[in-house]
Amino acid sequence: MTKQSGRILAAVLAGLLLTGCSLFKGADQNDPDPVDPNAGTGIEEPAGSVDPVTPPEGDPADAVDPSGTAEETPTEGQPDASANDPGALTTPELPTPVVPDPGTSNPSEGTEAGDGLHVTDIRLDKYIVAVEVGKSDMPLVTMLPSTALDVGEIWTSDDTAVASVSTWGKITGISPGECRVTVRSTDNPDVKAVVEVMVVESTDVIHVKQISLDKYETTIHVGLMDMPWVTMYPTNAKDKGEIWTSDDTAVATVDQYGRITGVGPGTCTVTVRSKDNQDVTAKITVHVKIGEDAKEPTYIDGTLIVNRTYGLPRTYNPGVSAEAKAALDELIAGASEDGLEFWVESGFRSYDQQLSLYNTYVGREGKDAADRYSARPGHSEHQSGLAFDLNSFDDNFDQTPEGKWLAAHAWEYGFTLRYPKDKEDITGFMYEPWHVRYIGKTLAQKLHDSGQVLEEYFDITSVYAD
């Protein structure tokens with residue numbers, strides 16, 4: 001090994017050791033629970049909801065309140081809304097801190113930006129922390145770029161009489177008051193991020209100081225929904241209940257959980273307000289458009305195309321295709337001869353059934369997540385009558401004997417596994433080992449032999465217009 005190689009190897013090993021320190025630093029037993037993606041949303045997780053990777057089953061979402069104004073009602077087991085009167089306890093009057101923009105952490109201008117080896121930015125999972133005297137909290141740190149060799153941290157408090165901070169970022173309350181805790185990069189000390197710290201007595205109520213959303217603008221079609229995710233800071237505020245309002249219910253309404261529904265074309269503003277501190281708000285601009293339903297189905301070389309780009313008219317309602325059903329019966333019989341059993345978990349769905357289902361998923365996961373596994377109405381292959389979901393909505397279905405058999409033999413009966421692994425950017429939808437689409441034996445064999453999906457074979461896109 002040359003001296004130059006030795007120096008490079010030493011630098012890489014140093015970076016890995018520092019990265020390991022960052023990865024393995026853990027929270028003290030007094031630290032709060034890890035950040036919950038539902039924390040601060042004011043949403044009670046509906047019964048039966050599942051991980052977004054697997055489309056959840058269940059009844060359609062509750063009807064939307066047409067008034068456009070809804071106040072969240074705390075329910076048993078709902079973590080965000082307090083069952084106690086927040087005014088029952090006294091709270092010291094602390095000035096509202098100036099919260100740094102979460103996307104800004106004073107990137108250095110003097111480093112070799114772009115070489116990927118030096119830290120140029122620091123991101124935190126929280127920029128406001130409230131702790132009781134004697135208790136601790138610890139923001140999670142991300143150094144950017146991820147390829148930086150030295151991701152070491154330097155932590156300081158500007159008032160150790162109020163709060164101290166350890167070398168790994170654990171902030172501990174010392175006495176009531178406010179201070180700022182700063183984390184800097186050891187690689188580049190000009191790069192920093194600041195946490196506003198409030199220390200309170202154990203008998204004090206922690207009030208909401210800020211609301212952030214995962215989006216501040218959205219575009220939806222009439223009849224469809226979206227739901228921004230809400231985070232209230234400090235994350236351990238006592239009452240994180242939400243009050244939602246729309247300034248124009250003729251354009252969009254919003255229910256008590258923040259589910260926004262398009263009513264008519266136009267633009268309006270939807271506001272979420274802290275129930276605990278109604279001076280704290282966040283706003284989202286909502287653009288509502290009239291969706292353009294397809295006038296006719298699209299066929300390419302005799303094959304019906306249904307994806308994000310090519311939709312079906314609302315009036316297209318053929319039911320289950322007799323030819324596809326006969327082929328499926330043959331497939332089930334063939335599997336039975338091999339000692340395996342298949343059944344239909346979901347078959348034909350009309351436009352309106354898909355509309356209800358899609359809005360249910362949006363109400364649970366938000367539009368961006370739902371769009372990955374649920375087609376918008378008019379864009380579902382189930383409406384074609386040619387698609388079937390078999391046995392299980394489980395990503396691990398492909399590891400079962402039935403899943404393996406289906407992957408190996410579906411094409412022999414004229415079916416294709418429509419949404420294969422690692423092709424979401426092409427098909428527009430997540431991996432679904434249970435979803436088969438009938439296309440006939442000739443085309444099915446061509447796709448099987450080439451490893452292509454319909455979009456690749458016909459050289460077409462699968463992208464929503466908006």
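Residues numbered from 1 in each chain as written. Predicted model: local features only at pLDDT ≥ 70, side-chain atom pairs only at ≥ 80, totals over all residues. Heavy atoms only, no water.

Draft legend 1. Inspection of the overall build of the protein chain at higher detail. Scanning the protein chain from terminus to terminus reveals 8 helices and 25 strands. Buried residues in the protein chain amount to 47% of all 466 residues. Excluding contacts between residues fewer than 6 apart, the proportion of contacts in the protein chain whose partners are at least 24 apart in sequence is 69%. Accessible surface, the protein chain: about 22,300 Å² in total, of which carbon and sulfur atoms supply 51%. (Helix = DSSP H or I, 4+ residues; strand = E, 2+ residues; numbered from the N terminus. Buried < 20%, exposed > 50% of the residue type's maximum accessible area, 1.4 Å probe, protein only. Contact = heavy atoms within 4.5 Å. Areas by Shrake-Rupley, 256 points an atom, 1.4 Å probe, with all protein chains shown as cover.)

Draft legend 2. Highlighting the confidence of the model for the protein chain. Averaged over all residues, the pLDDT of the protein chain is 82; the fraction at 70 or higher stands at 76%. Considering only residues more than four positions removed or in separate chains, one finds that residues 1–112, a stretch of pLDDT under 50, has 200 contacts. (pLDDT = per-residue confidence, 0-100.)

Draft legend 3. Focus on the sheet that holds strand β24 (residues 415–419). An order of β22-β23-β25-β24 is seen for the 4 strands of this open sheet, with the pairing classed as antiparallel. Looking along the sheet, the strands with just one partner apiece sit at the ends: β22 (344–346) and β24. Across the sheet, the mean angle from the axis of one strand to that of its neighbour is 50°, orientation sign disregarded. Two elements, β22 and strand β23 (residues 387–390), share 2 bridges in a ladder whose sense is antiparallel. Bridge pairing in β23 places Ser346 opposite Asp389. (Pairing = 2+ DSSP bridges. Axes fitted to C-alpha atoms, helices over the stretch in contact; angles between N-to-C directions.)

Draft legend 4. Fine view of the pairing of strand β6 (residues 153–157). Of the two faces of β6, only the one carrying Glu153, Trp155 and Ser157 is buried; Ile154 and Thr156 on the other face are not. As judged from the 5 bridges shared by β6 and strand β9 (residues 177–185), these two strands associate in the antiparallel manner. If you follow Glu153 over to β9, its bridge partner there is Ser185.

Draft legend 5. Quick look at the pairing of strand β3 (residues 128–132). Taking burial as the measure, the 5 residues of β3 include 4 buried ones, the bulk of the element. Relative to strand β10 (residues 192–200), β3 runs parallel, the two sharing 5 bridges. In the strand pairing of β10, Glu132 is matched with Val200.

Draft legend 6. A look at the nonpolar core. Ile211, Leu213, Ala252, Ile260, Val270 and Val286 are the most contacted members of the largest nonpolar core, which totals 26 residues. In terms of residue count, the dominant contributor to this core is strand β19 (residues 281–289) (4 residues). With residues up to four places along the chain from it excluded, the contact list for Ala252 reads Ser246, Ile260, Thr261, Val263, Cys268, Val286 and Val288. (Core = buried A, V, L, I, M, F, W, Y, C linked by side-chain atoms within 4.5 Å.)

Draft legend 7. Geometry of helix α3 (residues 351–365). In a regular helix each residue adds 1.5 Å, so 15 residues correspond to 21 Å; α3 covers 21 Å between its end C-alpha atoms and thus fits that length. Taken as a whole, α3 has its buried residues at Tyr351, Gln354, Leu355, Leu357, Tyr358, Asn359, Thr360, Tyr361, Val362, Gly363, Arg364 and Glu365. Immediately beyond the C-terminal end of α3, within one or two residues, lies Gly366, with a positive phi of roughly 95°. (Expected span 1.5 Å × (residues − 1).)

Draft legend 8. Up close: unusual backbone geometry. Here Leu144 and Pro145 are connected by a cis peptide whose omega angle stands at 0°. Relative to the helices and strands, Pro145 resides in the loop between β5 (141–144) and β6. Along the chain, Tyr233 connects to Pro234 via a cis peptide bond; the corresponding omega equals -5°. Here Pro234 is to be found in the loop between β14 (230–233) and β15 (242–246). Phi at Asp301 takes a positive value of approximately 50°, unusual for a residue other than glycine. Secondary-structure assignment places Asp301 in the loop between β20 (298–300) and β21 (303–305). On the accessibility criterion, Asp301 (71% relative accessible area) is exposed.

Draft legend 9. Summary view of the pattern of salt bridges. Going through the model one piece at a time under the given rule, you end up with 16 salt bridges. For Arg259, the salt bridge is made with Asp255, and the minimal N-O distance between the two is 2.7 Å. Taken as a pair, Arg259 and Asp255 share a single burial class, namely buried. Note that Glu424 and Arg372 form a salt bridge whose closest N and O atoms lie 2.8 Å from each other. You can see Glu424 sitting in helix α6 (residues 424–427) and its partner Arg372 sitting in helix α4 (residues 367–373), a full 52 residues away along the chain. Look at Arg372 and you get partly exposed, because its relative accessible area is 38%. Salt bridges sharing common partners tie together Glu381, Arg418, Arg437 and Glu455. (Salt bridge = Lys/Arg side-chain N within 4 Å of Asp/Glu carboxyl O.)

Draft legend 10. Inspection of the environment of Val195 at higher detail. With respect to the element layout, Val195 can be found in strand β10. As for Val195 and Pro139, which are separated by 56 residues in sequence, their C-alpha atoms are 8.4 Å apart.

Draft legend 11. Up close: helix α7 (residues 441–450). By the burial criterion, the buried members of α7 are Leu443, Ala444 and Leu447. Within α7, the buried residues cover an arc of 105° as seen down the axis, which keeps them to one side. In α7, the exposed positions angled more than 90 degrees off the buried face are occupied by Thr442 and Asp449. If you follow the buried residues of α7, they end up packed against β21, β24 and α8 (454–458). Within two residues after α7, Gly451 carries a phi angle of roughly 75°, on the positive side. (Arc of directions from axis to C-beta.)

Draft legend 12. Here's a closer look at the packing of aromatic side chains. Scanning the model with the defined rule gives 8 aromatic pairs in all. Plain terms: the ring middles of Trp405 and Tyr413 are 6.1 Å apart, the flat faces sit at 35° to each other, and that makes the pair tilted. Just as Trp405 is buried, Tyr413 falls in that class too. Each member of the aromatic cluster is reached from another via a ring pair, and the members are Phe342, Trp405 and Tyr413. (Phe/Tyr/Trp six-rings, centres within 6.5 Å; stacked < 30°, edge-to-face > 60°.)

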